[in-house]
Amino acid sequence: MKRLIVVLAALLVVVCTQAAKVDTVLVKSPSMQKDIKTVVVLPDVAAQKACPVIYLLHGHGGNYATWISVKPNLPQIADEKGIIFICPDGENSWYWDSPLHANVRYETFISSELINYVDQHYKTIARREGRAITGLSMGGHGAMWNAIRHSDVFGAAGTTSGGVDIRPFPKNWNMSDQLGEEASNQSVWDAHTVINLVPSMKKGQLALIIDCGYDDFFLEVNKNFHEALLKQGIDHDFLLRPGAHNGDYWNNSIDYQILFFQKYFQKNGTGK
């Protein structure tokens, strides 16, 4: 009996020591001259070898802790798949460099400053084949905005319930704070919506996954985004499933996206 207790205790130590580490760190943004709170989910294997990274962007009204709240088992997934998850705070910026405010530079932060910090402080596969980015709602727009404009940085991108065309919603979610009122700044709004980036895209530029729920108010803009990608000849996965714009849907949908990114990493020799 005593020997059994010792064995069980030893197994418990192994289980406890082989667990992803979850930290909240402050990442300096030189362009905005402030620190940005960021959750880092670091798998146990990252202590020994370089791992691929998935950047997760939150939605409007959320923060750096949103994804841990939506997906509490993210640390277990990190350990299982050997993937680092990075969840930065984007405030309500829509992840743009605002044309109105010199101190709102979240595109620069996401696609340059945060990348540099993560690659310098953790064992990462520091090239585009080892990076993916996705997000929910506003974060879905931000993920696509940054990935398409910086496909030299990110090799894969996703959006779940993403606001991939902002123009049907000119009075919502603080977008006018960054772009000005839509009625008097139509060209600015046209230039800052993801769907209008599609004509600039090339086949094979990114591995893409898009999903949305049937009861989501962003359903039509996601369908339009899908059609625009088809017209441009851009390969992508497009998933429609039952669900609304809420945590239950995102908790489920992110599993499919992580699997998609894991396969991308494996195909490029950067994943398990």
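Above this text is the structure in question.
These figures come from a predicted structure and were not determined experimentally. (Residues numbered from 1 in each chain as written. Predicted model: local features only at pLDDT ≥ 70, side-chain atom pairs only at ≥ 80, totals over all residues. Heavy atoms only, no water.)

*Asks:* What am I meant to see in the packing of aromatic side chains here?
*Replies:* The geometry of an aromatic ring pair comes down to the distance between the two centres and the angle between the two planes. A complete count under the given rule lists 12 aromatic pairs for this structure. Each residue in the set Trp94, Trp96, Phe169, Trp173, Phe217 and Phe218 is aromatic and connected to the rest through ring pairs, giving one cluster. Positioned over the ring face of Tyr256 is Arg241, at 4.4 Å from the centre of the ring. (Phe/Tyr/Trp six-rings, centres within 6.5 Å; stacked < 30°, edge-to-face > 60°. Lys NZ or Arg CZ within 6 Å of the ring centre and 35° of its normal.)

*Asks:* What's the story with the packing of helix H3 (residues 74–81) against helix H9 (residues 247–267) in this structure? I'm lost.
*Replies:* Geometrically, a packed helix pair is captured by the angle between its two axes and the distance between the axes. In contact at an axis separation of 12 Å, H3 and H9 are set at 20 degrees when each is read in the N-to-C sense. Put simply, H3 runs roughly parallel to H9. Read as a crossing pair, H3 and H9 show a hand that is right-handed. Seen from H3, the contacting residues are Leu74, Ile77 and Lys81; seen from H9, they are Asp255, Ile258 and Gln262. (Axes fitted to C-alpha atoms, helices over the stretch in contact; angles between N-to-C directions. Helix = DSSP H or I, 4+ residues; strand = E, 2+ residues; numbered from the N terminus. Parallel < 35°, antiparallel > 145°, perpendicular 65-115°, else oblique. Left-handed = near helix turned anticlockwise from the far one by under 90°. Contact = heavy atoms within 4.5 Å.)

*Asks:* Is there a simple way to explain the pairing of strand E1 (residues 21–29) in this structure?
*Replies:* Consecutive residues of a regular strand have side chains that alternate between opposite faces of the sheet. Bridging between E1 and strand E2 (residues 34–42) involves nine bridges; their strand directions are antiparallel. Counted as the bridge partner of Lys28 is Asp35 from E2. Here E1 hands over to E2 after four residues, with Gln33 in that stretch at a positive phi of 55 degrees. (Pairing = 2+ DSSP bridges.)

*Asks:* Sorry if this is basic, but what is going on with the environment of Lys81 here?
*Replies:* Locating Lys81 in the fold gives a position in helix H3. Overall, Lys81 belongs to the buried group, its relative accessible area being 15%. Beyond its immediate stretch of four places on either side in the chain, Lys81 contacts Ile258, Gln262 and Lys272. (Buried < 20%, exposed > 50% of the residue type's maximum accessible area, 1.4 Å probe, protein only.)

Remember that the coordinates give geometry; whether it matters functionally is a separate question.
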